[in-house]
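# Residue-level structural notes
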Amino acid sequence: MKKDLKGIFTALLTPFDEHDKINEKELEKLVRFNIEKGVSGFYVCGSTGEAFLLSTDERKYVMDIVKSCAPDKTLIAHIGSVNEKEAHELAEHANKLSYDMISSVAPYYYKFSFAEIKGYYTRLAQSGGLPMLVYHIPAFSGVNFGVGELREFLAEDCFAGIKYTSNDFFMMEQCKSLFPNKLVYNGYDEMCLAGLSMGADGAIGSTYNFMADKFVKISKLLAEGNVESARHIQTEANRIIAVLCKIGVMMAEKEVMNQLGFDFGICRKPFARPTEEQKSMIAKEIIPYI
Ligand code: MN9
């Protein structure tokens, strides 16, 4: 069966139990819940999955769990790390598990030159055995690629495309039209319709953990040419996302899952736990609208 490379991909959250250990059962439940909502696949251990707060072994363990409960879905392993050795180890693991793609943020913290960053990506893409999806997220990584730089990646066969988390849709459209055969995934859920209508092949996002169905609908409606109805659903979703942003997206999303009946625990420190006031905001302003 050929895998679906288009559509909606959930950037999975990582549930922790009361001892701060990965909660395998809840993660499996989350994967099944999203499959039922019609997602095409999963982005595993990205920013949303608290990748940078997990050990190498924990990241591998999450990859194992997701592969075993979603073997037929398109699986993208985020293997990014400023420690390139770790990134290689994770890429090898993803390859061993037959993931479909690897993906990475730009190496962060130090101000690496573009040549150094390109070296990092190219070594991983050439040696990992899996095509690389460049994770462009300047607001978090501090690395702001321009079209010229992104096209240097896209011109190479070992690069699958870009996970594009930026609101510069002019640049996104230029990448897609220069390389129509490469994949471009929209990254900001609150602009999903904008990204898809400017040519993105699909969307990868964190709020899909609990409302993937809204975005599966947006993408179907757009494909049918029904922009008005698609925009209506995007507006509904954005009312929810605005509340998440006010609280702090990561910790708010885990609390949403908890209030929906999952047992996701809290984000790892230094993230704070939600206050009672934030919890009641979620109960009143988010849960009834999911
Ligand atoms: O790229 C996610 N980005 C981050 C994906 O988490 C940094 C998005 O799904 C956002 O969480 C979401 C809310 O701003 O759009």
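Throughout what follows, the structure given in this document is the object of discussion. (Residues numbered from 1 in each chain as written. Predicted model: local features only at pLDDT ≥ 70, side-chain atom pairs only at ≥ 80, totals over all residues. Heavy atoms only, no water.)

### Section: the sheet that holds strand S6 (residues 159-164)
How we decide: Any two strands between which DSSP finds at least two bridges are classified as paired. Here a strand is any run of E in DSSP of at least two residues, a helix any run of H or I of at least four, and the numbering for each starts at the N terminus. For every element, the axis is a line fit to its C-alpha atoms; helices are fit only across the contacting stretch, and the angle between N-to-C directions ranges from 0 to 180 degrees.
Spatially, S1-S2-S3-S4-S5-S6-S7-S8 is the arrangement adopted by the eight strands of the closed barrel, whose pairing is parallel. Strand after strand, the sheet turns through a mean of 25° between neighbouring axes, direction not considered. Pairing of strand S5 (residues 132-136) with S6 involves five bridges; the strand directions are parallel. Bridge pairing in S6 links His136 to Tyr164.

### Side note on the site of the ligand
The cut-off we apply is this: Nearness is judged by heavy atoms alone; a residue qualifies as near a molecule or strand once a single heavy atom is within 4 Å of it. Polar contacts, as counted here, are pairs of nitrogen or oxygen atoms within 3.5 Å of one another; within protein the pair requires one atom able to donate a hydrogen and one able to accept it, and residues that are adjacent in sequence qualify only if both atoms are side-chain atoms. Per-residue and other accessible areas follow the Shrake-Rupley method at a 1.4 Å probe size, with only the shown protein chains counted as cover for residues. The residue classification treats Ala, Val, Leu, Ile, Met, Phe, Trp, Tyr, Cys and Pro as nonpolar and Asp, Glu, Lys and Arg as charged. All others, Gly included, are polar.
The local shell around the ligand holds 13 residues, among which Lys163, Gly187, Asp189, Glu190 and Ser206 are the closest. At 3.1 Å from an oxygen atom of the ligand is found a side-chain nitrogen or oxygen belonging to Thr165. Contacts to the ligand include Asp189, whose side-chain N or O atom sits 2.8 Å from an oxygen atom. Coverage of the ligand by the protein amounts to 94% of the 380 Å² it exposes when considered alone. A class-by-class count of the residues in the shell around the ligand yields five nonpolar, five polar and three charged.

### Looking at the pattern of salt bridges
Operational definition: Just to be clear on terms, a salt bridge is a Lys or Arg side-chain nitrogen sitting within 4 Å of an Asp or Glu carboxyl oxygen. Partly exposed describes any residue whose relative accessible area lies between the buried limit of under 20% and the exposed limit of over 50%, with all areas from a 1.4 Å probe on protein chains only and scaled to the type maximum.
In the structure shown here, the tally under the stated rule is 15 salt bridges. Asp100 is the salt-bridge partner of Lys3, the closest N and O atoms lying 3.0 Å from each other. Of this pair, Lys3 sits in the segment before strand S1 (7-11) while Asp100 sits in the loop between helix H3 (84-96) and strand S4 (101-105), and the two are 97 residues apart along the sequence. Across the pair Lys6 and Asp201 runs a salt bridge whose closest N-O atoms are separated by 3.2 Å. Residue Lys6 is found in the segment before S1, and its partner Asp201 is found in the loop between helix H8 (192-197) and strand S8 (202-205); the two are separated by 195 residues along the sequence. Judged by its relative accessible area of 48%, Lys6 is partly exposed. Classification of Asp201 as buried rests on a relative accessible area of 10%. When salt bridges that share partners are traced, they join Lys6, Lys176 and Asp201 into one network.

### Quick word on the environment of Asn258
To keep things clear, this is the line we draw: Every residue pair with non-hydrogen atoms within 4.5 Å of one another is taken to be in contact.
With respect to the element layout, Asn258 can be found in helix H11 (residues 249-259). We classify Asn258 as partly exposed; its relative accessible area is 22%. Once the C-alpha coordinates of Asn258 and Gln174 are considered, the two residues, 84 residues apart in sequence, prove to be 40 Å apart. Excluding its chain neighbours within four sequence positions, the residues that come into contact with Asn258 are Asp263, Phe264 and Gly265. A polar side-chain atom of Asn258 sits 2.6 Å from the main-chain amide nitrogen of Phe264.

### Some thoughts on the environment of Ser127
Note on placement: Ser127 falls in helix H4 (residues 114-127). C-alpha of Ser127 to C-alpha of Lys163: the two residues are 36 residues apart in sequence and 20 Å apart in space. A polar side-chain atom of Ser127 sits 3.4 Å from a polar atom in the side chain of His88.

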